[in-house]
Amino acid sequence: MVRLFYLLAATTLLSCSNRSASNTAVSTTTEVKQSIPTTTTPVFNADSAYCFVEKQVQFGPRVPNTEAHRKCGDYLAEKLEHFGAKVHQQTMTVKAYDDTPLSARNIIGSYHPEAPKRILLFAHWDSRPYADHDANPTKHKTPIDGADDGASGVGVLLEIARHLGEKAPEIGIDIIFFDAEDYGTPEFVQEYKPDTWCLGSQFWAKNPHVPNYNADFGILLDMVGSKGATFYKEYTSMRYAARYVDKVWDTARNLEYGKFFINADGGAITDDHQYVIAGRNIPCLDIINTNPEAEHGFGSYWHTVNDNMQIIDRETLKAVGQTIMEVIYNY
Ligand code: AHN
Ligand code: ZN
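The shown structure was predicted, so the numbers you read here are calculated from the model rather than taken from an experiment.

Asks: Lay out the coordination of the zinc ion (ligand 2) with the relevant residues and their values.
Replies: Surrounding the zinc ion (ligand 2) are the protein donor atoms Asp-149 (OD), Asp-182 (OD), Asp-182 (OD) and His-303 (NE2), which sit 1.9 to 2.5 Å from the metal. Ordering the donors of the zinc ion (ligand 2) by residue number gives the pattern D-x32-D-x120-H. With a gap of 33 residues between them, Asp-149 in helix H4 (residues 147-166) and Asp-182 in the loop between strand E4 (172-178) and helix H5 (199-206) connect regions that are remote in the sequence. On the basis of relative accessible area, Asp-182 is assigned to the buried category, the value being 2%.

Asks: Residue-level account of the pattern of salt bridges, with values.
Replies: In this structure the tally under the stated criterion is 11 salt bridges. In this structure, the salt-bridge partner of Asp-246 is Lys-233, at a minimum N-O distance of 3.0 Å. Within this pair, whereas Asp-246 is found in helix H6 (residues 235-254), its partner Lys-233 is found in strand E6 (residues 231-233), the two being separated by 13 residues in sequence. Take Lys-233: its relative accessible area is 7%, and that puts it in the buried class. Between Glu-315 and Lys-259 there is a salt bridge; the shortest N-O distance is 3.0 Å. Taken together, the residues Glu-315 in helix H8 (residues 314-329) and Lys-259 in the loop between H6 and strand E7 (261-265) connect sequence positions 56 residues apart.

Asks: Requested: an account of the nonpolar core, with residues and values cited.
Replies: Membership of the largest hydrophobic core comes to 67 residues, with the highest contact counts inside it found for Leu-121, Ile-160, Phe-177, Phe-261 and Ile-287. Per-element accounting of this core gives the leading share, nine residues, to H4. In this structure Phe-261 touches Phe-231, Val-248, Trp-249, Ala-252, Ile-287, Ala-319, Val-320 and Thr-323, once residues within four positions along its chain are discounted. Counting 13 residues, the second largest nonpolar core, distinct from the first, contains Leu-120, Ala-215, Leu-220 and Cys-284.

Asks: If you had to explain the site of ligand 1 to someone new, which residues and values would you point to?
Replies: Taken together, Asp-149, Glu-181, Asp-182, Trp-197, Asp-222, Met-223, Thr-270, Phe-298, Trp-302 and His-303 make up the full set of residues adjacent to ligand 1. Within the side chain of Asp-149, an N or O atom sits 3.1 Å from a nitrogen atom of ligand 1. Taking Thr-270, its main chain carries an N or O atom lying 3.1 Å from a nitrogen atom of ligand 1. Protein coverage of the free-state accessible area of ligand 1, which is 320 Å², stands at 88%. The class makeup of the residues in the shell around ligand 1 is four nonpolar, two polar and four charged.

Asks: Describe the packing of H5 against helix H7 (residues 272-280), naming the residues involved and giving the relevant values.
Replies: The interhelical angle for the contact between H5 and H7, taken along N-to-C directions, is 15°, at an axis separation of 9 Å. On the basis of their axis angle, the class for H5 and H7 is roughly parallel. Judged by the twist between their axes, the crossing of H5 over H7 is right-handed. Contacts between H5 and H7 involve Ser-201, Gln-202, Trp-204 and Ala-205 from the former and Asp-272, Tyr-275, Val-276, Gly-279 and Arg-280 from the latter.

Asks: If you had to explain the pairing of E7 to someone new, which residues and values would you point to?
Replies: Of the pairings in the sheet, the one linking E6 to E7 comprises two bridges and is parallel in character. By the bridge assignment for E7, Phe-231 is matched with Phe-261. Traced from E6 through H6 to E7, the parallel crossover comes out right-handed.

Asks: I'd like a rundown of helix H3 (residues 67-82), residues and numbers included.
Replies: Counted at 1.5 Å a residue, the expected span for H3 with its 16 residues is 22 Å, and the 22 Å between its end C-alpha atoms agrees. If you follow the buried residues of H3, they end up packed against helix H2 (46-58), strand E1 (86-95), strand E2 (101-111), H4 and E4. In the segment just after H3, Gly-84 is the residue with positive phi, at about 85°.

Asks: How would you summarise the side chain of Asn-308 if you had to cite specific residues and measurements?
Replies: Of note, Asn-308 is situated in the loop between strand E8 (284-288) and H8. Residue Asn-308 is classed as buried on the basis of its relative accessible area of 15%. Within the local environment of Asn-308, its side chain forms a polar contact with the backbone nitrogen of Gln-310, the two atoms lying 3.0 Å apart. Setting aside chain neighbours within four positions, we find Asn-308 in contact with Asp-145 and Ala-147.

Rules used in this analysis
Residues numbered from 1 in each chain as written. Chains lettered and ligands numbered in written order. Predicted model: local features only at pLDDT ≥ 70, side-chain atom pairs only at ≥ 80, totals over all residues. Heavy atoms only, no water. Donors = N, O, S within 2.8 Å, 3.2 Å for Na, K, Ca; no water. Helix = DSSP H or I, 4+ residues; strand = E, 2+ residues; numbered from the N terminus. Buried < 20%, exposed > 50% of the residue type's maximum accessible area, 1.4 Å probe, protein only. Salt bridge = Lys/Arg side-chain N within 4 Å of Asp/Glu carboxyl O. Core = buried A, V, L, I, M, F, W, Y, C linked by side-chain atoms within 4.5 Å. Contact = heavy atoms within 4.5 Å. Near = heavy atom within 4 Å. Polar contact = N/O pair within 3.5 Å; in protein donor to acceptor, adjacent residues only side chain to side chain. Areas by Shrake-Rupley, 256 points an atom, 1.4 Å probe, with all protein chains shown as cover. Nonpolar A, V, L, I, M, F, W, Y, C, P; charged D, E, K, R; others polar. Axes fitted to C-alpha atoms, helices over the stretch in contact; angles between N-to-C directions. Parallel < 35°, antiparallel > 145°, perpendicular 65-115°, else oblique. Left-handed = near helix turned anticlockwise from the far one by under 90°. Pairing = 2+ DSSP bridges. Right-handed = clockwise from strand over helix to strand, strands pointing away. Expected span 1.5 Å × (residues − 1).

Keep in mind these numbers describe shape, not what the thing actually does.
What follows is the structure in C-alpha cells.
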C-alpha cells in the first residue's frame, strides 16, 4: 500500500513536464492557498500556470532568430487555438539596437471577437539575449531562461485562456503575446538609441491586427512569477489608467493578496504598456515585480542567468492569475 502511494505521488509530480504537451490542466497537490473567489469566477490553477511557464523555459532561451524561439512561438499559438481562441499571428521583421533584423511575431488570441466591450491582456514571450546585469561579467552575453522575465506572464495568461475556453465571459477578451520586448540596448553598448525595447508592441501599436482596434483597458503582466514579488502602482499606469490600477489592486487586497499588490506608487517603467497607451490610446497598466531597494529597481535575478525556474513560485502566479480572473469575469 505504502509503495503504491509513493508510485502515484511520483507520477503526479512528473506530470508537469510530461503532460504539459497535452491539453489537460495538471492538478497536483500544492500548499498554495485557495482563496474563495465569487461564484462567477473560475478557480485559477497555479500548478497549471507553473507548467506553462516550465514548458516555455524547456525550449531554451526564446531569443528571436533562434530555433527555440520559433518552436515556442508555434507552441503558444497552438495552445491558444486549443483553448478556443481565434488566433492571429502577426509576423514582422524589426530592427534591433545594432541593426540586426529580427524575425518576430506577435501571437494574438481573441474571445468573442465581435463584442464591442473588450479587455486586452498582454505579456512578452521573448527572452533576453544578454544576462547583462549578471554579477559575473563572463555571462553578460549569455541568453537568459527568462522564467520570470517573459515566461511567467505568458504562463498566467495561458492558464486564463484555458478557463476562457471553457466558459468565457460575455465581454470580449484579447490576449496578446508580444515579441522582441527584451532585445533592448545592452549595458555593454554605449551609444544611445531611443525605443530599442518593446519592438513587437511598437509594431502592433502602428499596425493593429484589427483595423482601429480598441479595448476598454489593458493589463500587462511582466515578471509576475517570482517568490516574494512586489507590485507597486507603476507611474505611467497611474497617469493613464488610475481607475483600473485601483480596481486591480483593490481586487487583490479583497482576495488577500495585499502582500504582493502594494498600495503605494512606483516609478515609471519602459514597457509594452507605454506603446499601447501612446499608439492606441488604450488605458493600460503594468503589473511588474519591482524592488524599490535595488539600484536598478527590479529583482536581484533581473537580466541575470538566475532568472530560471528556481525563482518561480506558485503562490505569486496564483495571486496574479486569480486577481485578473476576478477582474475580467466581473467586469
Ligand atoms: C527597461 O529595462 C528600460 N525596462 C524594463 C522593461 C523590461 C525588460 N521588462 C522586462 N524586461
Ligand atoms: Zn527583461
